[in-house]
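What follows is the residue order along each chain.
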Amino acid sequence: MPIRPPGGPTAVVQLDATDPFADTDAEWFRLATAHGLFGEDGGFLVTLGHGGCFRVRLGKDWRLAEVLRNQPRCPEFMTLSSDGKTLIGVTTEEYEIWLIVVDDVPAYQEQRALRLAREESEKEREAAWDGLFRLRISQQTWERWAVGLLSNASLPDDLRLDLVVRTGRYYGRELPADLIDQLIVHPDWKVRSALVDTGTNQLTPGQWSRLVLSEENDRRRWALVSVTVDYGATFTTAAYERLAADPVPRVRAEAAALTGLPVTVARALLTDPESQVRRSAYPAA
């Protein structure tokens, strides 16, 4: 049984009872009725061996414990409400059949994950991450996994930062300002450039300015300016002035197409000594 709350079973049937299967079915039906397992049409989900879950309804002469077993006298199955909230599991111990109820499966799973996270040492957590990233799977699968995990609203900020650092990808809820500031100065270009995936809504003009102007590599600085042109991002006045005086002509040429250029900066670009800059600046005039 994959779900086994620490409080023990909700109900117990003795294996040496006269008819343990009938007793188990009776206890299961009592719990299912009390905990809202059945849908409006009487339907619910049940496991059938290792074949996943199937939606069923009870027939006239239904029997679960006798049919769903992995050994002659060992019932072993799980039933789940159609909305995924209520679970009733049946498992066989040495002398007893246990029935276990989980009333709120999503809440239980989250509490269990938090408990395991608290019990896990930093060394164990790091080893688990390293082992995960050594798996030989396709890049497409990695990207889908990253997008899915980063889109999880409950993902802690420290894990979000770690995942962005490891994958260079960002999706999901808005990043807090302090996390954006950490990413802006991160030593890995892949991590810094991942910030452009957030678009214009999350980075302030000051943060866009720091992201672009802190890039010492000419080609990458030009690439970032190009992206900000596409996004329509805006900068601080000081950043516009520094980009207009950038030592690389194609950076200045790209800067001429930025949104929100101050008039004085646009005029300076119109008189730039490089013709490619002047051509780019002409529409801005």
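Here, the structure is the one placed above.
Residues numbered from 1 in each chain as written. Predicted model: local features only at pLDDT ≥ 70, side-chain atom pairs only at ≥ 80, totals over all residues. Heavy atoms only, no water.

Brief notes about the overall build of the protein chain
Per the secondary structure count, the protein chain includes 13 helices and 8 strands. The buried share of the protein chain, reckoned over its 285 residues, is 38%. Of all intrachain contacts in the protein chain linking residues separated by at least 6 positions in sequence, the fraction that spans at least 24 positions is 48%. (Helix = DSSP H or I, 4+ residues; strand = E, 2+ residues; numbered from the N terminus. Buried < 20%, exposed > 50% of the residue type's maximum accessible area, 1.4 Å probe, protein only. Contact = heavy atoms within 4.5 Å.)

Here we look at the environment of Pro249
Take Pro249: it is sitting in helix α11 (residues 249-255). Pro249 sits in the partly exposed class, given a relative accessible area of 22%. Not counting the four nearest positions on each side in its chain, Pro249 is found in contact with Glu274, Gln276 and Val277.

A short note on the side chain of Glu215
Considering the arrangement of structural elements, one finds Glu215 in the loop between α8 (205-213) and α9 (218-231). In this structure Glu215 comes out as buried when scored by relative accessible area, which is 5%. Beyond its immediate stretch of four places on either side in the chain, Glu215 contacts Trp189, Arg192, Arg220, Arg221 and Leu224.

What about the pairing of strand β1 (residues 11-14)?
The side chains of a regular strand alternate, first on one face of the sheet and then on the other. Side chains of β1 alternate between two faces, with Ala11 and Val13 buried and Val12 and Gln14 left unburied. The pairing of β1 with strand β8 (residues 96-102) spans 4 bridges and is antiparallel. What sits directly across from Gln14, in β8, is Glu96. (Pairing = 2+ DSSP bridges.)

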